[in-house]
Amino acid sequence: MSNLSFIPIDTPWVDFLISTSESPTIEQRMLSLGAKVVKKKGYTAYVWDRLIGDSFVSGHGIIDGQYITGPRTLKNTPTRFSAGSYVYVCLKENSADIVPDPFGMVKIYFGKTLVTNSLHLAAICEQKINIDNALTSTFNDGGFSFSLNTFNTPVSGISLVPAGSSLTVKEKNIVISTPDQDDDYDSLDPSSYWELIYKGAQEVSDNLNAVLDSSLPVYLDLSGGRDSRVVFGALIALGRQKDVIFNTIANPSNEGLRADLNIASGLVKYYGGSYSDRPRTVGYSAYSTHDHLMRRRSQVFGTYHWIVPSDVRGLGTLTKTPSIRVLGGGGELYREYWRPLLFTSAIPKEDPSPQNFLNLLMKHRGARTGRWYFERYVNDLLETFEKLPGRTLGDKLDAHYLHFRNRYHFGPRQSLSESLVALNIATVPSLLKASRGLPPEDRASGRVLFDVIRAFDEKLAFFEFDKPNDPKIFDSQYHRKSEYGSTSLEITPAPEIVSRGSLIKGLSPKQPTLSEPSFEEILDSEIFAAFDDLKNSAPTFSFIANKEMEEFIDWAIKFSPRNRSAIASKLRSFADYSQFHA
């Protein structure tokens, strides 16, 4: 088994590592990987862009009210950080500032002597893996273990920076600054709640305006759900329907997608807008399966375990100018997620004591993998819940979603230098605070999304969704009566405008024909190759390659497409970690 090579992330992001260590070995390693060296008093920065200056943005998003795409040198110090997937880095003579986007969509990792956006780079510097931390991915065979789920990472001594935090490097010290969030959980009266709803609506509108003013083509995803309708509502309130290209799956393969098509097309027909005028394809980029998998292994480095077909697609389309894809991702931040999905026995108002969390974790660990190594990693999970903000057990479960699943699922993972970047503009602080100040039953009802849609357009909130509204929304002290009562208004489908609009004007180059293995063949090849590596060439994690794992693999291949995908990633990450000391 050969060692995993470091593969730098592509634009709009750029890799960096800041080290306070004076070890010549680290400098030699970073230079051998292609870094530019920036020496300052008390620290050294390594940056994988030789043209960028000492003050720069990696990623893309809204800063000081403008949409910015990186990697980009900034002349002035930013003061307002809004939605996006970015980190601002300022390398001063005696100190360095590292400021991620407010929801931490670009993940930053730190230890006693380093800060970086790449966990693989951290491992190359530290050369040591914590086996027990790595085993948290076996807690269950669902989404809770599809991403990193503890602040301690598998790299020994390296932690994930919490969402909303920033760092300063000064006098050989790395100081993390995390704002006090306890006040966010103060109970809100209805008037204060609605103030936050209207403030949040304005924040979403400001984000969307900045994107639409960028002069780049903007796609807006629209489905039958609530999350994308928040963004659609902001668009309607701004009156800028003509400034986007709507995007909905035109050929639904199941009832859920068919509902999305009918509702989304009906809304566009009713409020105005178009699925047409898509940028013309000017070329294609071809990648091998091996290219994709190696890139993913380095850039994700075992922190996200759900491989989807688009992650290994052979062709990427290129357009003359890059485009922005605006999504409604992040809506789960404003309602319950883990309790109804996984921790079903949790009592939201219960005290978040370590014993209560231990009982909860023991009860809901996975039936197949969760009992294998539970005692080895459970303290890491308990420590993470202890650090999370919140006054109740339910608060901390919701905070866990924000700090882990939301960031790894909706944030950047492996990169491709392509023509389309995604942006979730509805992740805003006021809506999060509105959600946190509600009683558990109101938070769980999904009323925050319903109410912010009302703030944009009253009728829009009452048009049918893919799933009915929770009746609790209308039977609450926070509900404001509407002329539409509690009824759901039918929308007239117009699927023909989607199929017509999906045609691209002008001539495009002929799409190359590639001979590729099926997605399932790719996954199975990864599973069995990684299993063999663990069994024969990776002694650190060889205990993973046992009969129980073989039985789990057999079950996943036969019955669980998601776990078939996840186990390919998990086994490969264990094998990759084995190149370092334990």
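Our structure is the block above this text.
Residues numbered from 1 in each chain as written. Predicted model: local features only at pLDDT ≥ 70, side-chain atom pairs only at ≥ 80, totals over all residues. Heavy atoms only, no water.

### Here's the deal with the overall build of the chain
The number of helices and strands found in the chain is 19 helices and 19 strands. Each principal axis of the C-alpha atoms in the chain carries an extent, and together these give about 70 × 60 × 55 Å. Considering the chain as a whole, with its 582 residues, one finds that 58% of them fall into the buried category. In the chain, the proportion of contacts linking residues at least 24 apart, taken out of those at least 6 apart, comes to 76%. Distance between charge centres in the chain, computed from 64 positive and 67 negative side chains, equals 3 Å. (Helix = DSSP H or I, 4+ residues; strand = E, 2+ residues; numbered from the N terminus. Buried < 20%, exposed > 50% of the residue type's maximum accessible area, 1.4 Å probe, protein only. Contact = heavy atoms within 4.5 Å. Lys, Arg positive; Asp, Glu negative; His and termini not counted. Charge placed at Lys NZ, Arg CZ, Asp CG, Glu CD.)

### Here we look at the packing of helix α9 (residues 354-364) against helix α11 (residues 393-410)
With their axes 11 Å apart at the nearest point, α9 and α11 run at an angle of 60° to one another. Here α9 is positioned oblique relative to α11, judged by the angle of their axes. You can see that α9 and α11 cross each other, and the crossing is right-handed. Across the interface between the two elements, N356, F357 and L360 of α9 pack against L393, K396 and L397 of α11. A per-class count over the contact of α9 with α11 returns four nonpolar, one polar and one charged. (Axes fitted to C-alpha atoms, helices over the stretch in contact; angles between N-to-C directions. Parallel < 35°, antiparallel > 145°, perpendicular 65-115°, else oblique. Left-handed = near helix turned anticlockwise from the far one by under 90°. Nonpolar A, V, L, I, M, F, W, Y, C, P; charged D, E, K, R; others polar.)

### Here's the deal with the pattern of salt bridges
Applying the stated criterion to the full structure yields 26 salt bridges. The salt bridge involving D213 is made with R240; its shortest N-O contact spans 2.9 Å. Here R240 lies in the loop between α5 (226-238) and β15 (245-247) and D213 lies in the loop between α4 (190-212) and β14 (218-221), a separation of 27 residues in the sequence. Its relative accessible area of 51% is what places D213 among the exposed residues. One salt-bridge network, in which partners are shared between bridges, spans K40, D54 and E93. (Salt bridge = Lys/Arg side-chain N within 4 Å of Asp/Glu carboxyl O.)

### Describing the environment of A575
Summarising the element assignment, A575 is placed in helix α19 (residues 561-577). Residue A575 is classed as buried on the basis of its relative accessible area of 1%. As a C-alpha pair, A575 and L4 span 571 residues in sequence and 9.5 Å in three-dimensional space.

### Focus on the side chain of D184
Inspection of the secondary structure puts D184 in the loop between β13 (173-177) and α4. Classification of D184 by relative accessible area gives buried; the value is 19%. One polar contact links D184 to R436, side chain to side chain, over a distance of 3.3 Å. Other than its neighbours up to four places away in sequence, D184 contacts K433, R436 and G437. (Polar contact = N/O pair within 3.5 Å; in protein donor to acceptor, adjacent residues only side chain to side chain.)

### A closer look at the sheet that holds strand β18 (residues 323-327)
Strand order in the open sheet formed by four strands is β15-β14-β18-β19, with parallel pairing between adjacent strands. Two strands in the sheet have a free side with no partner beyond their single neighbour: β15 and β19 (420-424). With strand direction ignored, the average angle separating the axes of adjacent strands in the sheet is 30°. The pairing of β14 with β18 spans three bridges and is parallel. Across the sheet, the residue bridging to Y219 is R325, located in β18. (Pairing = 2+ DSSP bridges.)

### A short note on the environment of V89
When you line up the elements, V89 lands in strand β7 (residues 81-91). With relative accessibility at 1%, the residue V89 sits in the buried group.

### Digging into unusual backbone geometry
P12 follows T11 through a cis peptide bond whose omega is 10°. Of note, P12 is situated in the segment before β1 (16-19). Of the consecutive residues G70 and P71, the connecting peptide bond is found in the cis state with omega at -10°. Of note, P71 is situated in the loop between β5 (66-69) and β6 (72-73). Of note, D64 is a non-glycine position whose phi angle comes to about 55°, a positive value. Structurally, the position occupied by D64 is in the loop between β4 (55-63) and β5.

### A few points about the nonpolar core
With 170 residues, the main nonpolar core has I18, F343 and L571 as its most contacted residues. Among the elements that line this core, the one with the most residues is α4, at ten residues. Formed by seven residues, the second largest nonpolar core is a distinct cluster that contains I68, L74, Y86 and C90. (Core = buried A, V, L, I, M, F, W, Y, C linked by side-chain atoms within 4.5 Å.)

### A short note on helix α2 (residues 119-126)
Of all eight residues that make up α2, seven are buried, and the element is covered over most of its length. Every buried residue belonging to α2 is among L119, H120, L121, A122, A123, I124 and C125, and all of these are buried. Of the surrounding secondary structure, the elements contacted by the buried residues of α2 are β1, α1 (24-32), β9 (109-110), β10 (114-116) and α7 (289-300). Just downstream of α2, Q127 is the residue with a positive phi angle, here 60°.

### Re the packing of helix α17 (residues 519-536) against helix α18 (residues 547-559)
Taken N-terminus to C-terminus, the directions of α17 and α18 make an angle of 180°; their axes are 12 Å apart at the nearest point. Between α17 and α18, the interaxial angle falls into the category roughly antiparallel. For the pair α17 and α18, contact is made by D524, I527, F528 and F531 and by M549, E550, I553 and I557, respectively. The residue inventory of the contact of α17 with α18, partitioned by class, reads six nonpolar, no polar and two charged.

### Focus: the packing of aromatic side chains
Taken as a whole and assessed by the stated rule, the structure comprises 37 aromatic pairs. Taken together, a centroid distance of 4.5 Å and an interplanar angle of 45° make the contact between Y337 and Y401 tilted. Residue Y337 is found in the loop between β18 and α8 (338-341), and its partner Y401 is found in helix α11; the two are separated by 64 residues along the sequence. The burial state of Y337 is the same as that of Y401; both residues are buried. Of the aromatic side chains, those joined through ring pairs into one cluster are F301, W372, Y373, F541, F543, F552, W555, F574, Y577 and F580. The ring of F465 is capped by R226, whose NZ or CZ atom sits 4.3 Å from the centre of that ring. (Phe/Tyr/Trp six-rings, centres within 6.5 Å; stacked < 30°, edge-to-face > 60°. Lys NZ or Arg CZ within 6 Å of the ring centre and 35° of its normal.)

### Section: the sheet that holds β1
One open sheet accounts for six strands, arranged β2-β3-β1-β10-β9-β11; its pairing is antiparallel. The sheet terminates laterally at β2 (36-40) and β11 (159-160), the two strands that pair on one side only. Taken together, the four bridges between β1 and strand β3 (residues 43-47) define a ladder with antiparallel strand orientation. Across the sheet, the residue bridging to L17 is Y46, located in β3.

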